[in-house]
Amino acid sequence: YRFSKFHILYAPFPDFKIHKQSIIYHYSTHHYIKSIRLKICNTLKKRTDFETGAFLSALIMGDRSDLDGNTILNFKRIGISHILALSGMHLAILSGIITKLMTLLGIAKKKRVALISVFVIVYMFLTGLSVSVVRASIMLIVAGVLYLLSAKSDNITSLMMSVSVIVILSPHSV
């Protein structure tokens, strides 16, 4: 802790300040995103039994903190522990489900592409910006933008674009 000349106590985390007698909460974007992620995980655990909710939290949000040790060990033993690690597969399944729902609701294809792009960006941040999810997100967004521009899209172009963006933003992640 340290005091400034304005008598503000700065806590070792950026979301909390004490100013004279009152407490002022400053919510950073990071804190806000973490709280949304926590709410989603808690909702999954409340709506189902705890073990199923913990499993769904791991599959959808990448939060393995509440998974039983035996569950993780069993996944490792049978060689499918990679299913618990968030990847492009998870993003593709979720965006496919949402796209299908929007199709059933009669939403036009261009609107669906735009809404999926927004979902992908939000999901990227909610899951902690892991490289595999960022790569898949950029690929989906590039394919969507090319569709909206009526240009031909291919997987290689999307992959190279996503790798380029990742290398530019975070060179150590390659």
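Fair warning: this is a prediction, and the values are worked out from it, not measured in the lab.

Draft legend 1. Seen up close, a nonpolar patch on the surface. The grouping of M89, I93, I97, L101 and L104 at the surface amounts to a nonpolar patch, some 500 Å² of accessible area in total. You can see L101 is positioned in helix 4 (residues 88–104). Assessed through its relative accessible area of 49%, L101 is described here as partly exposed.

Draft legend 2. Geometry of helix 4. Across its 17 residues, helix 4 extends 24 Å between first and last C-alpha, which sits within 8% of the 24 Å expected from 1.5 Å per residue. Of all the positions in helix 4, only H90, L91, L94, S95 and M102 are classed as buried. The arc that holds every buried residue of helix 4, seen down its axis, measures 115 degrees, which confines them to one face. Residues of helix 4 that are exposed and angled more than 90 degrees away from the buried face: K100 and L104. Packing partners of the buried residues in helix 4 comprise helix 2 (50–61), helix 5 (109–126) and helix 6 (131–148).

Draft legend 3. Layout of the side chain of S57. Topologically, S57 is positioned in helix 2. With near-sequence residues (within four places) excluded, S57 lies in contact with C41, L44, K45, G62 and D63.

Draft legend 4. Highlighting the nonpolar core. Counting residues in hydrophobic clusters, the biggest one holds 15 residues, and the most contacted among them are L91, Y123, V133, V134 and I138. For this core, the secondary-structure elements that each account for two or more residues are helix 4, helix 5 and helix 6. For this core, the leading source of residues is helix 6, giving six residues. Filtering out sequence-adjacent residues up to four positions away, L91 remains in contact with F119, V120, Y123, V133, A136, S137 and L140. The next biggest cluster of nonpolar side chains, apart from the first, holds six residues, and it includes A58, L59, L67 and L84.

Rules used in this analysis
- Residues numbered from 1 in each chain as written.
- Predicted model: local features only at pLDDT ≥ 70, side-chain atom pairs only at ≥ 80, totals over all residues.
- Heavy atoms only, no water.
- Patch = residues over 30% accessible without salt bridge, like charges linked within 9 Å, V, L, I, M, F, W, Y side chains within 5 Å.
- Areas by Shrake-Rupley, 256 points an atom, 1.4 Å probe, with all protein chains shown as cover.
- Salt bridge = Lys/Arg side-chain N within 4 Å of Asp/Glu carboxyl O.
- Helix = DSSP H or I, 4+ residues; strand = E, 2+ residues; numbered from the N terminus.
- Buried < 20%, exposed > 50% of the residue type's maximum accessible area, 1.4 Å probe, protein only.
- Expected span 1.5 Å × (residues − 1).
- Arc of directions from axis to C-beta.
- Contact = heavy atoms within 4.5 Å.
- Core = buried A, V, L, I, M, F, W, Y, C linked by side-chain atoms within 4.5 Å.

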